[in-house]
Amino acid sequence: MKARNGNPPSYRAMQARRHYSRGLRHAERGDYRRAIREFDKAIHLNPNDPHAYYNRGTIYFSKGDRDHAISDYDRAIELNPKYAEAYTNRATAYADKGDHDRAISDYDCAIEVNPDFARAYMSRGNAYSDKGDYDQAIKDFNKAIELNPSFAEAYYNRATAYVDKGDYEQAILDCDRTVGLNPNDATAYYNRGSIYFSKGDCDHAISDYDRAIEINAEYTEAYYNRGTVYLSSGNHDQAIKDFDKAIDLNPNLSEPYANRGNAYSREGDYNQAIKDFNKAIELNPSFVEAYANRATAYADKGDYDRAISDCDHAAELNPRNPAAYNNRGTAYARKGNYNQAIRDFDKAIELNPNLAEAYNNRGNTYSHEGDYDHAIRDFSKAIELNPDDAVIHTKRAIAHSDKGDYDQAITDFSKAIELNPNDAEAYTNRGNAYSHKDDDNRAISDYDRAIELVPNHAAIYLNRGAYYQFAGDTYATLSDYDNAVRLCPNYASDFVDRNFIHGGDGIVRDAIELLTEVMSSPPESADDFYYLGIKSLYQNDTLSARDCFTLAGRKGFEDTEKLRQHQENLKNVRWLPRQSL
């Protein structure tokens, strides 16, 4: 019997179609192993079916096997040179491998085959974005949106290209369109929140992450990102809560542990921070930032050798990571190895010329070496990169003051106060600068304002006391020195040696000298013993201080509240007698 046109498909072809259909069903269920096995059988029975190769390639792509995926797309295109989807998927695989030029070439072919293929334009736009050609990327996104005005993904990808160009306003408009197209899609709010965060608009970012979480209460990434926003805005408690939730939802993610460690570190809980960094590194042994940030926690604990070791490891993992060198430089600087610190800051700046923190840290190191010109140069660069950072303005002002340029110091302190009107340190130091210029009224006004802002900060009283001593106001001087040592009783070791105040050693010596002058020799009255007790505190001779305050009380010292506070301080601190400064 002769075969005729129109006869039913052969048994072999029918079996191939059956295995092909099974492969599609397994793929939809996420059972990739069985899907590949069925497509293998379909291809064995019908090796000229481009769709079987295409779908098997897609499964390989989903499994992360880009090379096998590309091989299958090659065969699909060989069998059907006008297979636009195969060109597009092969291009995406090339893009994932970092071969953006071959990806763009394949997207070109897909568009040539199907000029109305909106996804091909969008995907080519992504490839151009990855190459840094944002203008061409935006043109492709525009075309994708023209072909499909409801293409939410194209709006979002265009928004990210605008962000990379620095056009945040246009990026937000595109995200608004995405949200409008998908008002109940948590991802749309999450994406817009990420754009707001990139823009520095933390309030709107948190609002969008709130909405994403409201829609999807198990949105791990939204909790993590919201925690990151809270961390950047200084709300460490809320940040920790969000990182806790992200960890509860997915305990195998290293990033929430690392950022929770950052939050604990900023709260001063370095032990808990180190535990979190340890966990992050356990989950991801190549997590460079976790090593670098653990180093910072060790340095803040005073364990500089471990800090340096962590930075060494971070630099080994990624020699191009500036944080590893910046943090190691900080540890070396704290150890007093300023030359090595500067070399590390140099390297960090070489790797990232826009890293304001590295310029700031190098400036600090130059200041410690007394090289104020280089310090000012570095602080100026840090200010250029981050003009709204009040702390850097204060540091440059102190460097100018150390050079004796009090006018420039006052200008910088004033800018710091403009940026942060509650900066007591800036008021105190500007007061010092005014005192060097003999501008008595402004100096006292600044000291008074600093005390008003932080009434329990010993350094401010010490500075104002030094000014009163210079002005010859003995009563006001003694009152301020008394307040200073009462607020920080272990003054000489805990205060001056830790550099909480510039020029503290000299001020302490002046205080001891004045306290010696106002006492009878030998001490007789309650006041004599009280001031001898204060002098002993400045000398860190705590045993003598206890005895003197006891005798002052027995002799009827009138200000019983001050006396009580000094005695209470002495109960809570164990010191040894120390030689006078």
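Here we summarise the structure given alongside this text. Everything quoted here is computed from the prediction, not taken from an experiment.

Our focus in this paragraph is unusual backbone geometry. If you check the backbone angles, D438 has positive phi at about 60° while not being a glycine. Take D438: it is sitting in the loop between helix 25 (424-436) and helix 26 (440-453). Here D438 falls in the exposed class, since its relative accessible area comes to 53%.

All right, on to the environment of V485 then. Structurally, V485 is set in helix 28 (residues 474-487). V485 sits in the buried class, given a relative accessible area of 0%. Put simply, V485 and A458 are 27 residues apart on the chain and 6.9 Å apart in space, counted from C-alpha to C-alpha.

Together, R18, R22, R25, R29, R33, R37 and K41 give the surface a local cluster of positive charge. With 4 residues, helix 1 (residues 11-29) is the single largest residue contributor to the positive patch.

Where helix 4 (residues 66-79) meets helix 5 (residues 84-96), the axes come as close as 9 Å, and the angle between the chain directions of the two elements is 155°. In terms of their interaxial angle, helix 4 and helix 5 are classed as roughly antiparallel. The interaxial crossing formed by helix 4 with helix 5 has left-handed handedness. Of the residues in helix 5, those in contact with R66, I70, Y73, D74, A76 and I77 of helix 4 are A86, Y87, N89, R90, A93, Y94 and D96. Considering only residue class, the contact of helix 4 with helix 5 consists of 8 nonpolar, 1 polar and 4 charged.

With that out of the way, let us pick up the packing of helix 6 (residues 100-113) against helix 7 (residues 118-131). Across the interface, helix 6 lies against helix 7 with an axial gap of 9 Å and an inter-helix angle of 160°. In terms of axis orientation, helix 6 runs roughly antiparallel to helix 7. Considering only the axes of helix 6 and helix 7, their crossing is left-handed. Mapping the contact onto sequence places H100, D101, I104, Y107, D108, A110 and I111 in helix 6 and A120, Y121, S123, R124, A127, Y128, D130 and K131 in helix 7.

Residue placement: N89 occurs in helix 5. Separated by 3.3 Å, the side chains of N89 and Y73 make a polar contact. Dropping the residues within four chain positions of it, N89 is found in contact with Y54, T58 and Y73.

As enumerated under the stated definition, the model contains 48 salt bridges in all. For the salt bridge of R34 with D31, the shortest nitrogen-to-oxygen distance reads 3.6 Å. A relative accessible area of 37% places R34 in the partly exposed class. Among the residues examined, D31 registers a relative accessible area of 26% and is labelled partly exposed. In this structure, R294 and D310 form a salt bridge, with 2.6 Å as the shortest nitrogen-oxygen distance. Of this pair, R294 sits in helix 17 (residues 288-301) while D310 sits in helix 18 (residues 304-317), placing them 16 residues apart in sequence. In terms of burial, R294 and D310 fall into one category: buried. Put simply, D346, R362, R377 and D378 are held in one network by salt bridges that share partners.

Rules used in this analysis
- Residues numbered from 1 in each chain as written.
- Predicted model: local features only at pLDDT ≥ 70, side-chain atom pairs only at ≥ 80, totals over all residues.
- Heavy atoms only, no water.
- Helix = DSSP H or I, 4+ residues; strand = E, 2+ residues; numbered from the N terminus.
- Buried < 20%, exposed > 50% of the residue type's maximum accessible area, 1.4 Å probe, protein only.
- Patch = residues over 30% accessible without salt bridge, like charges linked within 9 Å, V, L, I, M, F, W, Y side chains within 5 Å.
- Areas by Shrake-Rupley, 256 points an atom, 1.4 Å probe, with all protein chains shown as cover.
- Salt bridge = Lys/Arg side-chain N within 4 Å of Asp/Glu carboxyl O.
- Lys, Arg positive; Asp, Glu negative; His and termini not counted.
- Charge placed at Lys NZ, Arg CZ, Asp CG, Glu CD.
- Axes fitted to C-alpha atoms, helices over the stretch in contact; angles between N-to-C directions.
- Parallel < 35°, antiparallel > 145°, perpendicular 65-115°, else oblique.
- Left-handed = near helix turned anticlockwise from the far one by under 90°.
- Contact = heavy atoms within 4.5 Å.
- Nonpolar A, V, L, I, M, F, W, Y, C, P; charged D, E, K, R; others polar.
- Polar contact = N/O pair within 3.5 Å; in protein donor to acceptor, adjacent residues only side chain to side chain.

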